[in-house]
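Chain residues, written in single-letter form:
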Amino acid sequence: MAVPDKVALGLFFFWWYAGNTKYNEYNKGALDAVGGKTAGMTMTVSTMQLGVCALYALILWVIGLNPVKLCGFQAPDKQALPKSTKDDIIKTVPVGFCAAAAHSSSVFALGGDPLFGQIVKAGEPVMSAIV
């Protein structure tokens, strides 16, 4: 049975908030495991997270599967590889750098007080809109 798009949209928001909460808990635990915010491993944790997620995204990109619809209890889509040129990729580098910087900022913020981290993370959409 197919889930209506309105229900799926509500599920996307639910999973986003639930995932964000678990992500914050994970980040705090990961930073505490490497010695906390004063141990000097915060950037390493942030970089490893970006690396693992980039590898996951690359695998999904190569096999042509978009599983995001599973969060809305819908069947995943098959996607063709995008037709990207070298210029397209060069144009995305500044946006990718800003996204990586925003991610690292939120990891640093979550390493201190998770409530402050939430404030920093809440500003990410504003930063994305500016970029």
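Above: the structure in question.
Residues numbered from 1 in each chain as written. Predicted model: local features only at pLDDT ≥ 70, side-chain atom pairs only at ≥ 80, totals over all residues. Heavy atoms only, no water.

Student: Is there a simple way to think about the overall build of the protein chain in this case?
Tutor: Per the secondary structure count, the protein chain includes five helices and two strands. Tracing the protein chain from N to C terminus, the helices and strands come up as α-α-β-β-α-α-α. C-alpha extents for the protein chain along the principal axes are approximately 50 × 40 × 30 Å. The burial tally for the protein chain puts 21% of its 131 residues in the buried class. In the protein chain, the share of contacts with a sequence separation of at least 24, taken over all contacts with a separation of at least 6, comes to 55%. As displayed, the protein chain offers around 9,400 Å² of accessible surface, 74% of which is attributable to carbon and sulfur atoms. On the protein chain, the mean spot of the 10 positive side-chain charges and the mean spot of the 8 negative ones are 4 Å from each other. (Helix = DSSP H or I, 4+ residues; strand = E, 2+ residues; numbered from the N terminus. Buried < 20%, exposed > 50% of the residue type's maximum accessible area, 1.4 Å probe, protein only. Contact = heavy atoms within 4.5 Å. Areas by Shrake-Rupley, 256 points an atom, 1.4 Å probe, with all protein chains shown as cover. Lys, Arg positive; Asp, Glu negative; His and termini not counted. Charge placed at Lys NZ, Arg CZ, Asp CG, Glu CD.)

Student: Help me understand the pattern of salt bridges in this model?
Tutor: Pairing between side chains becomes possible if they bear opposite charge and their charged atoms approach one another. Counting across every chain of the model gives two salt bridges. E25 is the partner of K22 in a salt bridge, and the nearest nitrogen-oxygen pair spans 2.9 Å. You can see K22 and its partner E25 sitting in helix α1 (residues 5-33), three residues apart, about one turn around the helix. The class for K22 is exposed, based on a relative accessible area of 53%. (Salt bridge = Lys/Arg side-chain N within 4 Å of Asp/Glu carboxyl O.)

Student: Got a minute to help me understand the side chain of N24 in this structure?
Tutor: Secondary-structure assignment places N24 in helix α1. Apart from residues lying up to four places away in sequence, N24 is in contact with L110, Q118 and K121.

Student: How do you make sense of the environment of V126 when you look at a structure like this?
Tutor: Position of V126 relative to the elements: it lies in helix α5 (residues 124-130). Sequence separation between V126 and F14 is 112 residues, and the spatial gap between their C-alpha atoms is 21 Å.

Student: Teacher, can you tell me more about the side chain of S46 here?
Tutor: Secondary-structure assignment places S46 in helix α2 (residues 42-63). Here S46 is in contact with H103, S104 and V107, once residues within four sequence places are set aside.

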